[in-house]
Amino acid sequence: MQPAPLRSLTRLGLLVALAVPTASLVAPAHAQGTASAPALSATAPAQRIFDEVNDLLVERYGGLSKTDRQALTREYQERLNAVCAPQPRTCSEEKAYPVLEAELTALGDEHSFFQTPEDYRDFVTSATGGSRQQFGVKLAPLDGENRLVLEVVPQGAAETAGLRRGDVLRTIDGKPYLYTDLQAARREGRPIRLGLERQGQLLDLTLQARESSTRDLPRLSYVGPQGDVALIRIPTFLTGGGVGQRVHDLVGQARKAGARGIVVDLRGNTGGSLNECDSAVGAFVPTFTRVAQSADGQSRTTVQRGRRLEDGQLRGSVRNPQLWTGPLAVLVNEVSASCSEFFAYEVQYARRGPVIGEQTAGVGNTATRVFPVGEEAALQLTITHYVKPGGEAYPVRVTPDRQLPESEAELRLLSQGDDVLLRAGLDALTTAPTLAIDGDRP
C-alpha cells in the first residue's frame, strides 16, 4: 500500500511542507508550438503536469536564483513539444519527467527539484515515519568497497543482528563486500552472512532486512571518562513528529542524572521539520527570532522556552519545556544540512557553545515546500529564505568554531574505537559558556 500524501510538513533548507498545488496561476505555455514540434493539447497528461510545475515555479519560488523563470518555462515547453510530437493529444505524464528534471536543474537552485513517483513515495514514507523494508543501519565507505557502520537504528534489524557503530563490513556470504549485493539482499528480504571486523576481531553474524518504521527519534547516552557527559544524538528532524519534545525530555533526563555537560551530535542529519527544529533549539537557546522572506512577503518567528510564535500568534509548544544552562557543544559534518545547519547557527549566534566539525552542506538559509503534482509525482521548490530581524542573512553554510575533518583517516580511527569529533566535543566543554538563567523556571 502506498502512503497517503502528506499535506502539512515543513522543513528548513531541505525543510519542507507538502502542499496541494493551486489552480493555474499563469498563462499556459503549451500553445507555443514550433514548425517542427506542434503545440501539445492542454488535456495531454504530459502538458497538465508541466503546467502545474511551471505555475508553481513562476508564482511560488522564493529562493535566491536569478534565472528568468518565465523564459525557462518557454524554453522547456518547446522541449516538451518535441518529446511529445508523435502524440500531441495523449502524451503520457512520464514523458514530461525528464524535461521537468532538466528544467529544475537549469533553475540553478540545488534545493529545488522534481520528484518522480518513486522518489516522492520514499520521501513521504520518511516524512511520516512510515515503514519500509530496511536493515536499520547507516554506512560510510572505507578502504574501497568496505563499509563502516556509522549508526545502528534502535530496534532495527541491524541492532537485532548485533551490529555496532565502528564495525567494518568486509564480506557478504563469504565473498568480498559489495554494496550492490547488500541492496539486492534488502530488496529480496533474504538473510545474508556478514563478515566484519570489530576493533581487530573478526566476527560473523546474520542480517536480514525487515519491514520497520523509518521513525528515528533522538536518543541519549552518557560518555566521557567519568560517564557524566550527556550525548544527545539527533539523527534527523524528519520523522513524523516528536523530535522537539523528545529533545526537551532528554535534556530533563540529563539534568536529573547530574550531567556536567551536553554534546549534541548532528552529524549526518540532513534536516526535517522546521517546527521540530525550532522546538529542539529552544532546549538550549533561551530565545531566538528569524524573519522569513517569500513571494508572499515577510513573516516573523520567535521561539522562547518551548513556545513558538508566528507573527505574535502562538503556533506550538512542548510539554514541560527544558532549558539547558550548562556547558554545550554541537558536532556537525559536511552532510549536516537544512535544520541541522539552522540548529548549529542559532547556537553560534547566541554564543551558547562551540560548534565542532566540518563546514556544513550548504542549505541552511532557505526553506522548500513539496507540492504533489500530476498523478503521483511532486515538486520540491524553494519558497523562502531567512534573515535575522536586523536584516543579517543566515549563512549558506555553517563554519564550525573549531574545524576538524571527518575524512577516511578519522573513520579508520572510529573503526578502532576513537571518535575524533566526539573527543573534541568533550574537550570543548571545559571552556564552553554557561547561562546565568534559572533553568527550572518555565
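See above for the structure.
Everything numeric in this text was worked out from a predicted model, so none of it was measured.

Pairing between strand E11 (residues 219–223) and strand E12 (residues 229–233): five bridges, direction antiparallel. In the strand pairing of E12, Leu220 is matched with Ile232. Between the antiparallel neighbours E11 and E12 lie five residues, among them Gly224 with a positive phi of about 95°.

So, on to empty space enclosed by the protein. Inspection of the entire model under this criterion finds one cavity of 30 Å³ or more. Looking at the largest cavity, the residues that line it are Arg165, Arg267, Glu406, Glu410, Leu411, Leu414, Asp418, Asp419, Val420 and Leu421. Elements represented by at least two residues in the lining of the largest cavity include exactly helix H10 (408–415) and helix H11 (420–428). It is H10 that contributes the most residues to the lining of the largest cavity, three residues altogether. Classifying every residue of the lining of the largest cavity gives four nonpolar, no polar and six charged.

With that settled, the discussion passes to the nonpolar core. Ile234, Phe237, Ile262, Val264, Phe284, Val330 and Phe343 are the most contacted members of the largest nonpolar core, which totals 38 residues. Looking at this core, the elements that each hand over two or more residues are E12, helix H7 (243–256), strand E13 (261–265), helix H8 (274–281), strand E14 (287–294), strand E18 (328–332) and helix H9 (339–349). If you tally residues by element for this core, the top one is H9, at six residues.

The rules behind these values
- Residues numbered from 1 in each chain as written.
- Predicted model: local features only at pLDDT ≥ 70, side-chain atom pairs only at ≥ 80, totals over all residues.
- Heavy atoms only, no water.
- Pairing = 2+ DSSP bridges.
- Helix = DSSP H or I, 4+ residues; strand = E, 2+ residues; numbered from the N terminus.
- 1 Å grid on protein atoms, 1.4 Å probe; cavity = no way out; pocket = protein on both sides within 12 Å on 5 of 7 lines; lining within 4 Å.
- Points joined across faces, edges and corners; volume = space filled by probe spheres on them.
- Nonpolar A, V, L, I, M, F, W, Y, C, P; charged D, E, K, R; others polar.
- Core = buried A, V, L, I, M, F, W, Y, C linked by side-chain atoms within 4.5 Å.
- Buried < 20%, exposed > 50% of the residue type's maximum accessible area, 1.4 Å probe, protein only.

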